[in-house]
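One letter stands for each residue in the lines below.
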Amino acid sequence: MKLGVVGLPNVGKSTLFNAITHAGAESANYPFCTIEPNVGIVDVPDERLDKLAALYNSKKITHTFLKFVDIAGLVKGASKGEGLGNKFLSHIREVDAIVHVVRCFEDSNITHVEQSVDPVRDMEIINLELILADLESVTKYLDKAKNMQKTGDKKYKIEAEILQRLLSALEQGLPVRSVELDEEEKAYVDGLFLITDKPVIYAANIAESDLATDEDSLPLVAKLKEQAAKENAEVLVICAKVEEDLSMMEDDDRAIFYEEFGIKESGLNRLVKKCYTLLGLISYLTAGEPETRAWTIANGTKAPLAAGKIHSDFEKGFIRAEVVPYEVLLECGNYNNAKAEGKVRSEGKDYVMKDGDVVLFRFNV
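This report concerns the structure included in the present document. (Residues numbered from 1 in each chain as written. Predicted model: local features only at pLDDT ≥ 70, side-chain atom pairs only at ≥ 80, totals over all residues. Heavy atoms only, no water.)

So, on to the packing of helix α4 (residues 119-148) against helix α7 (residues 219-229). One way to put it is that α4 packs onto α7 with a least axis distance of 8 Å and a crossing angle of 40°. When the axis of α4 is compared with that of α7, the two are oblique. For the pair α4 and α7, the contacting residues are Pro119, Val120, Met123 and Glu124 in the first and Leu220, Lys223, Leu224, Gln227 and Ala228 in the second. In terms of residue class, the contact of α4 with α7 is made up of 6 nonpolar, 1 polar and 2 charged. (Axes fitted to C-alpha atoms, helices over the stretch in contact; angles between N-to-C directions. Helix = DSSP H or I, 4+ residues; strand = E, 2+ residues; numbered from the N terminus. Parallel < 35°, antiparallel > 145°, perpendicular 65-115°, else oblique. Contact = heavy atoms within 4.5 Å. Nonpolar A, V, L, I, M, F, W, Y, C, P; charged D, E, K, R; others polar.)

The next subject is the sheet that holds strand β4 (residues 65-70). The strand order β2-β4-β1-β5-β6-β7 describes an open sheet built from 6 strands, whose pairing is mixed. The sheet is open, and its two edges are formed by β2 (39-43) and β7 (234-238), each paired on a single side. The sheet shows a mean angle of 25° between the axes of neighbouring strands, direction not considered. With 5 bridges joining them, strand β6 (residues 200-205) and β7 adopt parallel strand pairing. Counterpart to Asn205 in the pairing with β7 is Ile238. Contacting β1 (2-6), β5 (97-103) and β6, α4 crosses the sheet at an angle of about 145° to β5. (Pairing = 2+ DSSP bridges.)

Take the side chain of Thr301 next. You can see Thr301 is positioned in the loop between β9 (292-298) and α11 (303-308). In terms of polar contacts, Thr301 uses its side chain to reach the backbone carbonyl oxygen of Ala298, at 2.6 Å. Sequence-distant contacts of Thr301, defined by excluding residues within four places in its chain, comprise Ala306, Tyr351, Val352 and Met353. (Polar contact = N/O pair within 3.5 Å; in protein donor to acceptor, adjacent residues only side chain to side chain.)

Below, the discussion takes up the pattern of salt bridges. This model, assessed by the stated rule, comprises 24 salt bridges. For Asp70, the salt bridge is made with Lys13, and the minimal N-O distance between the two is 2.6 Å. Here Asp70 is found in strand β4, whereas its partner Lys13 is found in helix α1 (residues 13-25), with 57 residues between them in sequence. Here the two residues Asp70 and Lys13 agree in accessibility, since each one is buried. A salt bridge links Arg48 to Asp355, with the shortest nitrogen-to-oxygen separation between them at 3.1 Å. Residue Arg48 is found in helix α2 (residues 47-56), and its partner Asp355 is found in the loop between β11 (345-347) and β12 (357-363); the two are separated by 307 residues along the sequence. Via salt bridges that share partners, Arg320, Glu322, Lys339 and Arg362 belong to a single interconnected network. (Salt bridge = Lys/Arg side-chain N within 4 Å of Asp/Glu carboxyl O. Buried < 20%, exposed > 50% of the residue type's maximum accessible area, 1.4 Å probe, protein only.)

Under the defined criterion, the tally for this structure stands at 4 aromatic pairs. Summarising the aromatic geometry, the rings of Tyr284 and Trp295 are spaced 6.4 Å apart at their centres and angled 15° between planes, so their arrangement reads as stacked. Residue Tyr284 is found in strand β8 (residues 281-286), and its partner Trp295 is found in strand β9; the two are separated by 11 residues along the sequence. You'll find Tyr284 and Trp295 in the same group, each marked buried. Chaining the aromatic ring pairs together yields one cluster made of Tyr284, Trp295, Phe318 and Phe361. The aromatic ring of Trp295 is capped on one face by Arg293, whose charged end is 4.0 Å from the ring centroid. (Phe/Tyr/Trp six-rings, centres within 6.5 Å; stacked < 30°, edge-to-face > 60°. Lys NZ or Arg CZ within 6 Å of the ring centre and 35° of its normal.)

All right, on to the environment of Ala160 then. By secondary structure assignment, the location of Ala160 is in helix α5 (residues 154-171). Residues Ala160 and Leu142, 18 residues apart in the sequence, show an inter-C-alpha distance of 5.7 Å. Not counting the four nearest positions on each side in its chain, Ala160 is found in contact with Leu142, Ala145 and Gln149.

Let's shift gears to empty space enclosed by the protein. One pass over the full model with this rule turns up 1 cavity of 30 Å³ or more. Of the volumes computed, that of the largest cavity is approximately 60 Å³. Lining the largest cavity we find Ile98, His100, Asn127, Leu130, Ile131, Pro175, Arg177, Thr196, Val200 and Tyr202. Looking at the lining of the largest cavity, the elements with two or more residues in it are β5, α4 and β6. The greatest single-element share of the lining of the largest cavity, amounting to 3 residues, is contributed by α4. In terms of residue class, the lining of the largest cavity is built from 6 nonpolar, 3 polar and 1 charged. (1 Å grid on protein atoms, 1.4 Å probe; cavity = no way out; pocket = protein on both sides within 12 Å on 5 of 7 lines; lining within 4 Å. Points joined across faces, edges and corners; volume = space filled by probe spheres on them.)

Where helix α8 (residues 240-247) contacts helix α9 (residues 251-261), the axes come no closer than 9 Å and their chain directions differ by 140°. Facing α8, whose interface residues are Val242, Leu246 and Ser247, α9 presents Arg254, Phe257 and Tyr258. Looking at side-chain class alone, the contact of α8 with α9 contains 4 nonpolar, 1 polar and 1 charged residues.

So, about the side chain of Asn205. With respect to the helices and strands, Asn205 occurs in strand β6. Dropping the residues within four chain positions of it, Asn205 is found in contact with Val11, Gly12, Val101, Val102, Arg103, Cys104, Phe105, Ile238, Cys239 and Ala240.

By themselves, these figures tell us nothing about what the structure is for.
This is the structure:
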């Protein structure tokens, strides 16, 4: 899964991406670790893996991960190809969700491209370009659907009605994701690959001096949250400079910093977890002496498809899934105890996987 990091110049986007990249460099050795400089791979933090690994004396722990893509080049007029507009729009179409960095701090030493700090204006500059790009696409789709209605096929009438609703929202300056759709309508709109249909999380970049302040009492953050709520988007408050510094510290130094400032979890970890949830993803777990591992699946995935994440043979020859919830397994002490106490369930092909399921798949090929 890929998340695009966007933002105007001097809002902290590059600083946050540097933190992501450094964190990724310190992660486990991925088999494809040679990546482009504008892509960062970061583990999804999961405290359950350490406890499971201790239970099984695992030699290796493998987290699931997300890719962050640094998307640069936005200027006013990007939707019409100004500056690097066409490149920007093509890159953002390729990501699954957007992390939109917005500056929420004053600093006379850091100039702002718009000469003043206004988080709502800044988010609207980028959003307007994305809306204009979608407006052009939806208008074309709508014209085609109207023309196809002449064939008498009722589906084109339905499509035209949906597209008209999208067009109305976009003309009002609202993103596609703000339009309420039922499951069938959502499936159709997903197939259009519209930019403003992508889920968004706004990263409110605050000053280091504001870290100890209640975020709801910060006026610029409050303005951003109010605007984000109108488009069903979330806001996560983060200090990009501190995250960059933390990402370059040794583990011992980082632990001292956390203790000194009373930090329980880094902002970067919170961002990664939030993005994982934003994408509608969950993790199931496998454990044994060789390896304890988290596997990423979409929420609502059935057992055979989940098994296929490990190997296609697991899905083809699926027999059953032996499942025990993570919390139950810890309470029982080990897998054998859980099985003896009747806590391990045997689930078939229609079982919908749950986050934190510890699974042993049975298959035959």
